[in-house]
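Examination of the molecular architecture
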Amino acid sequence: MSATPEARSDAVWSAQGTTPDAIEAALRQLLIEVHSEHDNYVPARVLNMIAFVDREWTGEIANRLRGVGRYHASRLVVLAYEPRRERLDARVMITSEGETEPGELALLHETVVVELGDRHLDDLLTIADPLVVTDLPTLLWAPHGHHEIAAELLALSQAVLVDSVEEPIAHEALDRACSLASQAYVVDLAWLRTTPWRERVAASFDPPSLRRELQTITSATVRHHPASTVAAMLLSGWLASRLQWRASPLVAHGDALVGRAHGSRQDVSLRLEAAPELLVPGLESLTLETASGRTLRLARGRGGLHAHSRDARGQEHEWTIPGASRGERGVLGEGIRQALLRDPTYVPALKAARAMVA
Amino acid sequence: MAVLAGHPTGEPMPENPLTAGLERLPVAPTTLVIFGATGDLARRKLLPALYNLAHEGALPERFHLVGVSRKEKENEDYREECEQAIRRFSRRPPDEDVLGSLLENVKYVPGTFDEDSVYSELRQALDDFERQDGAPLNRAFYLSTAPAFFPVIVEQLGKSELAQHENGEVRVIIEKPFGTTLGEARELNRHVLAIFDETQIFRIDHYLGKETVQNMMAFRFANGMFEPLWNRNYIDSVQITAAEDLGIGSRADYYDSSGALRDLIQNHMLQLLCHVAMEPPVSFTAEEVRNEKVKVLQAIPQPTEAEIPEMAVHAQYGPGHAGGDDVPGYLEEEGVPESSNTETYAALRLEVDNWRWAGVPFYLRTGKRLARKITEIAVTLKPVPHLAFSQDGSLGVQPNQLVLTLQPNEGVSLRLGAKIPGTRMIIRPVNMEFQYGTAFLSQSPEAYERLITDAMRGDATLFTRNDEVESQWRICDPIVKYWAHTNPRQHGPLPSYEAGSQGPKEADGLLRDGDRWRAI
């Protein structure tokens, strides 16, 4: 598995029936060799990423990581799990992003793939530990489930990458994210899909004349891809936590979840509605209404979000807020980048979202 | 709900609780007007920067663009020009939908900058956008024209009552050069300040928008280990270099009337010096940061005529070799007058006369067609007071040197003494290196992306204040005048240096005994 697409300088090592110490020694040796060949090749030192994956799906994971571009972790440790495997096999690849210009640096990325089985799970921590760069933050990702096994690796990790929309049951997704958040910093791709929406709602109500109306919101309707209910809940949870609404559990009403939240001045009607016409995961639109009769609707569209507003006098305006879609690969890349940041608003939004689920 | 003071209406402004945790803070709805909309800067930098902001969803929620320039053309033609410029110069390939949505409503106002009709048409365009949006829009006027037009445009904006807006903010962004002498800078400030308040004025020095320059603040003020050493007791000298390996290219017209001192030292390099020498600001607000920078500039004595030959060197590149090719000298470059006396190299030795820096020389040098392209700040520490080791057989124990490289490979390097492996205690210098590129995932945005956003947001931290500009000129103006009036018959011809070299040997004359220029 090589996760860097346009590698120009590759150094590879592999061994069967190996040990973590031997893998680590091979990594060090390869780095020395590559650097001595070209002294402008230098190892990136940003972030470790441990991916615990099913061995048969390592190709799919490699494809997903190829799309993250410059947000590739500097050292990726893939623990490829195959239950019946008896032997520890490993491959180490060191790749650079491209040809170097004279006087310029070329960054090296390291990928370590360790194939392991059930018999290695008791020692998982001692297998992974020597392979991460000491003093760099480590991001843990277990995209194929195996939550209990991956939980062992939390001891090595400062951040954990999840995608709450991938869990089939919303409350389990939210419970799991809450539980992880008490042990590490959680980067939730479902939350990151709401970022442009959160930025635009914040901007729409930022003019001084409109800030007061934030406290008078009477209804919030989120339309979402049928599989992205959790993203819609997180967006509603964000509104609730930032605007200090106390949300009650939502109830199913046809294709929608509906309910109320208690604001400081009035109740807020909440509606999360599946949008089967939406072909990609994420949100389709957000509509907010205020007590004055103002309505703001933001909807996914070509070239950005399409906004429609109606003020208290009934005057309507439409405009487009430019912005390129990041795509799923862009969202994953953003997730890796976010492992180095801290967003203080996720956990309150998550807890508020959890309160909306019975 | 928390309430912020200071809203222009006098009414307390409630906080926006939705902005917490967002990396990109909202920018108020704005119409940006570019004067000089068909010029090189607009095509190469401003339009691509606007596209990239749009791509990232970082433009204001409602954003409109108006181009103003002399050439007669229709809105549609101007949109097409914008599109071509973005396709050619954007740092990323444009997304067709985003590009379409950015340019959809762009308007163009043709005419010369002194015509009243231009401003009435402009007002009409601005009002139309507000009517269309049903909301007041801030206005930002970007003066991307030749400097001679700055006072004309500003005066016309005042005359046509576009310098104030009842329901929004009005800002004016002024490109460099802000004057070519102290007198011109003062005159321009007088003109601009007669129409706009200082808080409305954003003087661009695009160096300040570079991540690398902003990183210097983080380096100094987010790391406790350097501050105790950052003074005359431990620092021996500071050397700031901005070297170019290229010649003047097709910029002869501009460059020959400017020269190295005005082009780089008066603005960019003095900014770097300020970042090295300033006291820690109380907070990172525009006023606090700029107050500290102005204090540094004010602590640099204005050179007298008698001192200038001892503290300033200028030179011109002659023919030489660069990148394995023969290259012409400055006087042989296309468009350069045969008798030009314009310096392509300038070096200064400055002192910052304050408690922290008294007696520490600050060496500044810049030049075209030098050995390679590099911008760096080298801080040399004082040697150890007593050396217990023999220096026989070694390169010697050299003072520690901290080098902040701004380009091409942004990083920090610290020169230390280390023992050479073996049975004897022989020391040689080694470098401990840190490269920013190895430690961050994100790509740095273009300086103009940051600066345009900050100006629209009204954050002036990375812009130059009027007293800052005048203080810069107070230092450089006597040198500019002295060099302009230097009689070659009396003082000999302008020194020259071979293209591709380290610069003129005369620059060595600025150094204190024992000091050396770092190799470029």
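This text follows the structure it describes.
Summary of the structure given here. (Residues numbered from 1 in each chain as written. Chains lettered and ligands numbered in written order. Predicted model: local features only at pLDDT ≥ 70, side-chain atom pairs only at ≥ 80, totals over all residues. Heavy atoms only, no water.)

Concerning the pairing of strand 9 (residues 185–188) of chain A
Residue and element names in this part refer to chain A.
- A two-sided burial pattern is seen for strand 9, the buried positions comprising Tyr185 and Val187 on one face and Val186 and Asp188 on the other.
- Direction of pairing for strand 8 (residues 159–162) relative to strand 9: parallel, over a ladder of four bridges. Paired with Val162 across the strands is Asp188, a residue of strand 9.
- Note that the unit made of strand 8, helix 5 (residues 170–181) and strand 9 has a crossover that is right-handed. (Buried < 20%, exposed > 50% of the residue type's maximum accessible area, 1.4 Å probe, protein only. Helix = DSSP H or I, 4+ residues; strand = E, 2+ residues; numbered from the N terminus. Pairing = 2+ DSSP bridges. Right-handed = clockwise from strand over helix to strand, strands pointing away.)

Looking at the nonpolar core
- Residues Phe35, Leu122, Phe141, Leu273, Leu350, Phe362 and Ile377 of chain B are the most contacted members of the largest nonpolar core, which totals 150 residues.
- Sort the elements by how many residues they give to this core and helix 8 (residues 252–277) of chain B lands first, with 13 residues.
- By size, the runner-up hydrophobic cluster in this structure holds 116 residues, among which are Leu47, Ala51, Leu156 and Leu180 of chain A. (Core = buried A, V, L, I, M, F, W, Y, C linked by side-chain atoms within 4.5 Å.)

Here we look at the sheet that holds strand 4 (residues 63–69) of chain B
Residue and element names in this part refer to chain B.
- Ordered by their spatial adjacency, six strands build an open sheet running 5-4-3-6-7-8, and the pairing between neighbours is parallel. Edge positions in the sheet fall to strand 5 (107–110) and strand 8 (201–203), since each has one partner strand and no second. Across this sheet, the average inter-strand angle for adjacent strands is 20°, counted without regard to direction.
- With six bridges joining them, strand 3 (residues 30–35) and strand 4 adopt parallel strand pairing. Counterpart to Thr31 in the pairing with strand 4 is His64.
- Running over the sheet, helix 1 (residues 40–55) touches strand 3, strand 4 and strand 6 (138–143) and is turned about 170° from strand 3. (Axes fitted to C-alpha atoms, helices over the stretch in contact; angles between N-to-C directions. Contact = heavy atoms within 4.5 Å.)

Observations concerning the interface of chain A and chain B
- Of the residues lining the interface, 49 residues belong to chain A; the matching set on chain B comes to 45 residues.
- For the pair chain A and chain B, the summed buried area comes to about 3900 Å², and 57% of that belongs to carbon and sulfur atoms.
- Where chain A packs against chain B, one counts three salt bridges.
- Close ionic contact of Glu23 of chain B with Arg337 of chain A constitutes a salt bridge, the shortest N to O distance being 2.4 Å.
- The interface formed by chain A and chain B holds 15 residue pairs in polar contact (both at pLDDT 80 or more) in total.
- Among the secondary structure elements, those contributing two or more residues to the side of chain A that touches chain B are strand 2 (41–43), helix 7 (195–204), helix 8 (208–211), helix 9 (229–242), strand 18 (316–322) and helix 10 (327–338) of chain A.
- Ranked by residue count, the leading element in the side of chain A that touches chain B is helix 7 of chain A, at seven residues. (Buried area = accessible area lost by both parts, 1.4 Å probe. Salt bridge = Lys/Arg side-chain N within 4 Å of Asp/Glu carboxyl O. Polar contact = N/O pair within 3.5 Å; in protein donor to acceptor, adjacent residues only side chain to side chain.)

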